[in-house]
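Coordinate inspection notes
What follows is each chain in one-letter form.
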Amino acid sequence: MIGRAVPGIDVFATVTFAPVPLIVLGALFGGIWPWLAVAWIGGLVYALDRLIARAAPDAPEGREFPAADRLSVALAIAHFVLLLLGVAALSGVTGLSIPARIALFFACGLFFGQVSNSNAHELIHRADKRLFVLGKWVYISLLYGHHASAHRLVHHRFVATRDDPNSAVLGESFWAFAPQAWTGAFIAGWEMEEARRKRLAPEGWKARLAAMNPYVSYVLGAIWCLILVGLLFGLAGVAAYLALCLYAQMQILLADYVQHYGLERALIATGQYEPVSARHSWDAPDPVSSLWMLNAPRHSDHHAHPARPYPELRLGAITAEGRPVLPRSLPAMATLALIPPLWHRVMDPRARALRRPARGV
């Protein structure tokens, strides 16, 4: 079915929810269950990508997917359940062995960093305020709430320029990129929100309270999450929670690093940057990992149409000249990015070849 027919919401649901029962069983009983979850996420998805080796077709223009938001809500609920259960198990509440805890940590971290992140990313782009708030709280629960502002207000505006902290420059390693991207996005998002708040400048204390910088909710929400975990699971729970959040955030930063690495928008005659195009994002046509990450690997179309729901994102002519396409799936390339010498050997020549036409714009 995958690669021949346009995937429906049921296919997205099957792929994204497949490891959830394994993670739940692993958190409660240990044994083989968390290892099966890791094997599914880290092995089977990659194997199916290589076996099928062709992208699913684009959805026809104008086709709608009314169940897309319902799946996003279900995945957000699953995220909160798995986060609470994962922290409980890793802190010792369910009596897991050390090997089972290690496997569970990687299973949860990969799910949060790849599925929960992709889903929250979808939600913060929805026009429905309730969906936006849900996505924001998924990020807050991972101690990454500022992404709800920085991604929309900074990354989408300045992508593939030096003004975007989340666009990696050619030759930069992931380990150099990650801390600068985290702090740079936090600060840039705050500045954009403050500028917008001052520009709107509502009158009356109630209106000013409603127009408060959302960073207040990001920081207070993170503190509330830490306090709640501490009250429920003690210091061991806080340590497990911080470790899970750090690992999930690393997955998010890896996605940013890979999807724009070495690509740049040229300065045109007016002194401004050229418009964002398909040449400024790395796409990945691999079918199963795309379903797993809610079509996040179809990244250039997302930048062209940020409000387009994930089932409608299009790859277009991936063989077109100058179209950046990753040599392997997004999760596989994120893994490669952890080893800078191998990453640069594979990606630097590709990025240089794509940058040459941009300088002549």
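Residues numbered from 1 in each chain as written. Predicted model: local features only at pLDDT ≥ 70, side-chain atom pairs only at ≥ 80, totals over all residues. Heavy atoms only, no water.

In the annotation of an unreviewed UniProt entry, the entry for the protein reads Alkane 1-monooxygenase, and the organism field reads Paenirhodobacter huangdaonensis. We quote the UniProt Sequence similarities (unreviewed entry) comment for the protein here in full: "Belongs to the fatty acid desaturase type 1 family. AlkB subfamily." Here is the UniProt Subcellular location (unreviewed entry) comment for the protein, exactly as written: "Cell inner membrane". (UniProt positions renumbered as here; feature names shortened; annotations may be inferred.)

Summing up its helical and strand segments, the protein has 14 helices and 0 strands in all. Once the C-alpha set of the protein is aligned to its principal axes, its extents read approximately 65 × 60 × 45 Å. For the protein, the exposed surface amounts to about 16000 Å²; the carbon and sulfur share of it is 66%. Distance from the positive charge centre (32 side chains) to the negative charge centre (24 side chains) of the protein: 2 Å. (Helix = DSSP H or I, 4+ residues; strand = E, 2+ residues; numbered from the N terminus. Areas by Shrake-Rupley, 256 points an atom, 1.4 Å probe, with all protein chains shown as cover. Lys, Arg positive; Asp, Glu negative; His and termini not counted. Charge placed at Lys NZ, Arg CZ, Asp CG, Glu CD.)

Quick look at the packing of helix H7 (residues 147–158) against helix H10 (residues 215–260) now. Contact geometry of H7 with H10 gives a least axis separation of 12 Å together with a crossing angle of 25°. One finds that H7 runs roughly parallel with respect to H10. Residues His147, Ala148, Ser149 and His155 of H7 pack against Tyr215, Tyr218, Ile252, Asp256 and His260 of H10. (Axes fitted to C-alpha atoms, helices over the stretch in contact; angles between N-to-C directions. Parallel < 35°, antiparallel > 145°, perpendicular 65-115°, else oblique. Contact = heavy atoms within 4.5 Å.)

Before going further, it helps to spend a moment on the packing of aromatic side chains. All chains considered together, the criterion is met by 20 aromatic pairs. The interplanar angle of 40° and the centroid separation of 6.5 Å between the aromatic rings of phenylalanine 174 and phenylalanine 177 together place this pair among those described as tilted. One end of the pair, phenylalanine 174, and the other, phenylalanine 177, are both in helix H8 (residues 174–200), 3 residues apart, so they sit about a helical turn from each other. As far as burial versus exposure is concerned, phenylalanine 174 and phenylalanine 177 are alike and both buried. Seen from their ring centres, tyrosine 257 and tryptophan 343 are 5.3 Å apart, and the 45° between their planes marks the pair as tilted. (Phe/Tyr/Trp six-rings, centres within 6.5 Å; stacked < 30°, edge-to-face > 60°. Buried < 20%, exposed > 50% of the residue type's maximum accessible area, 1.4 Å probe, protein only.)

So, on to the side chain of glutamate 193. Along the chain, glutamate 193 turns up in helix H8. Of the residues examined, glutamate 193 reaches a relative accessible area of 3% and is grouped as buried. Leaving out residues up to four positions away in the same chain, glutamate 193 has contacts with Ser149, Arg152, Leu153, Asn213, Pro214, Tyr215 and Tyr218.

What follows is about empty space enclosed by the protein. Following the criterion strictly, the structure yields 4 cavities of 30 Å³ or more and no others. Of the volumes computed, that of the largest cavity is approximately 140 Å³. Contributing to the lining of the largest cavity are 14 residues, with Asn117, His121, Asp256, Gln259 and His299 lying nearest its centre. The residue makeup of the lining of the largest cavity, split by class, is 6 nonpolar, 7 polar and 1 charged. In this structure, the second largest cavity occupies an estimated 110 Å³ of space. (1 Å grid on protein atoms, 1.4 Å probe; cavity = no way out; pocket = protein on both sides within 12 Å on 5 of 7 lines; lining within 4 Å. Points joined across faces, edges and corners; volume = space filled by probe spheres on them. Nonpolar A, V, L, I, M, F, W, Y, C, P; charged D, E, K, R; others polar.)

Let us look at the packing of helix H5 (residues 98–124) against helix H6 (residues 129–141). Where H5 meets H6, the axes come as close as 7 Å, and the angle between the chain directions of the two elements is 145°. Regarding H5 and H6, the two cross each other, and that crossing is left-handed. Each of Ser116, Asn117, Ala120, His121, Leu123 and Ile124 in H5 lies in contact with H6, whose residues at this interface are Leu131, Phe132, Leu134, Gly135, Lys136, Val138 and Tyr139. Of the residues contributing to the contact of H5 with H6, the split by class is 8 nonpolar, 4 polar and 1 charged. (Left-handed = near helix turned anticlockwise from the far one by under 90°.)

Following the UniProt record, the feature "transmembrane region" (unreviewed entry) maps to residues 73–92, 98–116 and 215–244 here. For the annotated span residues 98–116, helix accounts for 100% and strand for 0% of the residues, and the straight-line distance between the end C-alpha atoms is 25 Å. For the annotated span residues 215–244, helix accounts for 100% and strand for 0% of the residues, and the straight-line distance between the end C-alpha atoms is 22 Å.

Here the focus is the environment of glycine 86. Note on placement: glycine 86 falls in helix H4 (residues 68–90). In this structure the C-alpha to C-alpha distance between glycine 86 and leucine 104, which are 18 residues apart in sequence, comes to 7.4 Å. What glycine 86 contacts, discounting residues up to four positions off in sequence, is Leu104, Cys108 and Leu244.

Next up on the list: the pattern of salt bridges. By the definition in use, this model includes 10 salt bridges. Put simply, arginine 279 and glutamate 274 hold a salt bridge, and the shortest N to O gap is 3.4 Å. Its relative accessible area of 6% is what places glutamate 274 among the buried residues. The salt bridge involving aspartate 283 is made with arginine 323; its shortest N-O contact spans 2.8 Å. Remark: arginine 323 occurs in the loop between helix H12 (299–304) and helix H13 (330–337) and aspartate 283 occurs in the loop between H10 and helix H11 (287–292); sequence separation between them is 40 residues. For the pair shown, aspartate 283 and arginine 323 are each scored as buried. By sharing partners, the salt bridges in this structure join Arg152, Glu193 and Arg196 into a single network. (Salt bridge = Lys/Arg side-chain N within 4 Å of Asp/Glu carboxyl O.)

Ranked by size, the top nonpolar core spans 93 residues in total, and within it Phe112, Tyr257, Val258 and Trp343 carry the most contacts. If you tally residues by element for this core, the top one is H10, at 19 residues. Residues in contact with valine 258, not counting those within four places in the same chain, are Trp282, Leu326, Leu330, Met333, Ala334, Ala337 and Trp343. (Core = buried A, V, L, I, M, F, W, Y, C linked by side-chain atoms within 4.5 Å.)

Our focus in this paragraph is the side chain of glutamine 114. Among the structural elements, glutamine 114 can be located in helix H5. Taking the relative accessible area as the measure of exposure, glutamine 114 reaches 8% and is therefore buried. If we ignore the near neighbours within four places in the chain, the residues touching glutamine 114 are Ile41, Gln251, Trp292, Met293 and Pro331.

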